[in-house]
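Working through the structure, step by step
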Amino acid sequence: MSVSIYYSARRPTPLTEAESAAVERVVITRAKSFPYDDEESLYLYDLGDHGRGDELLNGSTKLPTDPERWLPVTAHVLDSVTELRRAVEGAEWHVHLDDTDIPWDEHAGYDLPGMRDTDLATELGGLCDPPE
């Protein structure tokens, strides 16, 4: 059984040139820092030049089945989507892990409880590296 993170942004006005460039920078930068070559990372669907209606961005990431990679990949993808949201102002975002919405926090961005808890990671057998 696979689990995926889905993300989308909607707004009546299309991306500006500056926003499109910022999105491209986020995608490139986050791809370079992704920890695993053989796992899915941030993936935005091609919406064409004008998107679909008010849809600005839409994508998904299939999470790994290896428990040692699950938290690092989840953290990386949610951090990537956080950067995208901050680059595209005024959009309505929907981010969810299959059927569960991931809430937005102005300070932390998109985050799951315990995702960055080093004590929890240690207790679970070191499933993620401690934050730097």
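Scroll up for the structure.
We now turn to the structure provided with this report. (Residues numbered from 1 in each chain as written. Predicted model: local features only at pLDDT ≥ 70, side-chain atom pairs only at ≥ 80, totals over all residues. Heavy atoms only, no water.)

Let's shift gears to the overall build of the chain. Helix and strand counts for the chain stand at three helices and six strands. The helix and strand sequence of the chain, counted from the amino end, reads β-α-β-α-β-β-β-β-α. Taken over 132 residues, the chain has a buried fraction of 38%. Sequence-distant contacts in the chain: of pairs separated by 6 or more residues, those separated by 24 or more amount to 66%. Total accessible area on the chain is roughly 8,200 Å²; 49% of this is exposed by carbon and sulfur atoms. (Helix = DSSP H or I, 4+ residues; strand = E, 2+ residues; numbered from the N terminus. Buried < 20%, exposed > 50% of the residue type's maximum accessible area, 1.4 Å probe, protein only. Contact = heavy atoms within 4.5 Å. Areas by Shrake-Rupley, 256 points an atom, 1.4 Å probe, with all protein chains shown as cover.)

One open sheet accounts for four strands, arranged 2-1-3-4; its pairing is antiparallel. What marks the edges here is a single partner per strand, and that holds for strand 2 (55-62) and strand 4 (100-101). Pairing analysis gives seven bridges linking strand 1 (residues 4-10) to strand 2, with the strands arranged antiparallel. Each residue of the ladder has a partner; that of Ala-9, found in strand 2, is Leu-57. (Pairing = 2+ DSSP bridges.)

Note that all results are geometric; they support no functional claim without further evidence.
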